[in-house]
Amino acid sequence: MTDKPAPHTGASLRPETVAARAAGACCAVTGAILPPIQLSTTFARNDAYEKVDGRGYSRDDNPGFEAVEAVLCTLEGGQAAAVFASGMAAIASVFQALAPGDHVVVGDNCYFGVGKWLRAWAAPWGLDIAMVDTTDLAAVARAVVPGRTRLVHIETPGNPAWAITDIAAVARIAKAAGARLMVDNTAATPVLTQPLALGADLVVHSATKYLNGHSDVLAGALVTAATDDLWERVKSLRYLQGAVLGPFEAWLLLRGLRTLFLRVRHASRSAQAIAEAFVGDPRVAAVCYPGLVGFPGHDVAAWQMTGGFGGMLSLRLAGGAEAAFETARRAQVFLRATSLGGVESLIEHRHTIEGEDGVAPPDLVRVSVGVEAVEDLIADLDQAMGSAGRAVSGTVRLAAGAG
Ligand SMILES: *Cc1c(COP(=O)(O)O)cnc(C)c1O
């Protein structure tokens, strides 16, 4: 029995095909078109006391990782990939693979958990951390210390206002300083952006989000441009610290990846339509969406993203924090939940979720657009924002306290 990627899924096939066919994973013994799930934690040696399939113990790896990692390698155009127990486990492993005293530059527009972990654990351990606005290339150039900065970590579009960072430009700055560039590609996904082709060294994902896409798996992934010393240290950390994905989660993630292109393209189209529907609405102070002409960073996004601008957008309410909170509270189609990238649309008052040390302004609601009918989503946001100043949908009237 094998679930190794079949040889016919080579580099000649398009990424959509490799994803839809899970890099050829199937069962050669039974003919099952899906791979089996190998739950065994340990692997017996043969009578010469040799490993049978190169495997000993499942903290090192599991047969179920291979197809997922093969798909991710193809989609991101990398040399190797590694799946982790969560996105944070993947990100933390890269910082932990550095040495105390090393200098790192981190975007202040990244997922708030990264800053939280760095302050709580990496700084006391000895990493020297500079947080900068990575949309400002001059600020990035000032922040790197040639010869001492080992890693630059960015996220684009970045949480929670979807700020756009120019990956190729930051890659050049990092390279000139002798630092590696890691890009959190969770929001863009490899469907829309391939950071390695733009000069990044590492791509990281919270695979919990779009890669899996069904809000039922917590997972992380790293893809590297080179299987170098840093990569070996990261792999060693995954094994020795046990930040591994479970075999069932790996199987679910592989299933989710089959529809990645369909889901992301649909969500991007819907998000664009939603963003355009609320531009100029008197209840909205700003629509934060990289696909809008006039959004800061739109020109960079239009160049570095292909085929859409993603399914994430945020609205800053003219009525301030109270209006934002009320909008999230009154939503009826959007689920009031944190996280993103699933087939179901979510809305959150991000400031409440992040707490006082977070990065989200209090007047902002963050929206993850799913695959529902976009008309339902627009109508729901319209009613959730209340009636002040807009008469788009006379049929949607909100009773006080509804939802
Ligand atoms: C959710 C998220 C993370 C953290 O991933 P987990 O899988 O929750 O550990 C990192 N980066 C981004 C952009 C995220 O949205």
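Residues numbered from 1 in each chain as written. Predicted model: local features only at pLDDT ≥ 70, side-chain atom pairs only at ≥ 80, totals over all residues. Heavy atoms only, no water.

**Q** So, the environment of serine 86: which residues are in play, and what are the values?
**A** Residue position: serine 86 is located in the loop between β1 (80–84) and α3 (87–96). Ignoring sequence-local partners within four residues, the contact set of serine 86 consists of Leu218, Ala219 and Gly220. (Helix = DSSP H or I, 4+ residues; strand = E, 2+ residues; numbered from the N terminus. Contact = heavy atoms within 4.5 Å.)

**Q** Lay out the sheet that holds β1 with the relevant residues and their values.
**A** The strand order across the open sheet built from 7 strands is β1-β7-β6-β5-β4-β2-β3, with neighbouring strands paired in mixed fashion. Whereas interior strands pair on both sides, the edge strands pair on one side only; in this sheet they are β1 and β3 (128–132). Here the strands of the sheet are splayed against their neighbours by 20 degrees on average, with no regard to which way each runs. Of the strand pairs in this sheet, strand β2 (residues 103–107) and β3 are connected by 5 bridges, and their pairing is parallel. The partner of valine 106 across the bridge, within β3, is methionine 131. In the packing of helix α2 (residues 63–76) onto the sheet, contacts are made with β1, β6 (202–206) and β7 (220–224), and the angle to β1 comes to roughly 125 degrees. Here helix α6 (residues 167–176) sits on the sheet and contacts β4 (149–155) and β5 (180–184); the angle it forms with β5, its principal contact strand, is near 155 degrees. (Pairing = 2+ DSSP bridges. Axes fitted to C-alpha atoms, helices over the stretch in contact; angles between N-to-C directions.)

**Q** Explain the nonpolar core residue by residue, including any values.
**A** Judged by nonpolar contacts, the single largest core of 86 residues is most densely connected at Leu72, Val152, Leu181, Leu253, Val287, Leu313 and Leu315. Here this core gathers at least three residues from each of two domains, domain 1 (15–257) and domain 2 (260–400). With residues up to four places along the chain from it excluded, the contact list for leucine 181 reads Val152, Ile154, Ile167, Val170, Ala171, Ala174, Ala200, Asp201 and Leu202. Among the nonpolar cores identified, the runner-up in size contains 28 residues, and Ala122, Val204, Val234 and Leu237 belong to it. (Core = buried A, V, L, I, M, F, W, Y, C linked by side-chain atoms within 4.5 Å. Buried < 20%, exposed > 50% of the residue type's maximum accessible area, 1.4 Å probe, protein only. Domains from an automatic or database assignment.)

**Q** Explain the domain arrangement of the protein to me, and be specific about the residues and the numbers.
**A** With domains assigned, the protein is organised as domain 1 (15–257) and domain 2 (260–400). Relative to domain 2, the C-alpha centre of domain 1 lies at a distance of 28 Å. Of the residues lining the interface, 38 residues belong to domain 1; the matching set on domain 2 comes to 40 residues. Buried area between domain 1 and domain 2, summed over both chains or domains, comes out near 3100 Å², and the portion from carbon and sulfur atoms is 64%. Together, Trp162, Leu192 and Tyr210 form the three largest contributors to the area buried by domain 1 at its contact with domain 2, with a combined 25%. Between domain 1 and domain 2 we count 1 salt bridge in total. Among the ionic pairs, arginine 265 bridges to glutamate 16, the shortest N-O distance being 3.0 Å. In this structure, the connection of domain 1 to domain 2 is made through 13 residue pairs in polar contact (both at pLDDT 80 or more). Those elements that place two or more of their residues in the side of domain 1 that touches domain 2 are α1 (15–20), α4 (112–125), α6, α7 (189–192) and α9 (247–257). (Buried area = accessible area lost by both parts, 1.4 Å probe. Salt bridge = Lys/Arg side-chain N within 4 Å of Asp/Glu carboxyl O. Polar contact = N/O pair within 3.5 Å; in protein donor to acceptor, adjacent residues only side chain to side chain.)

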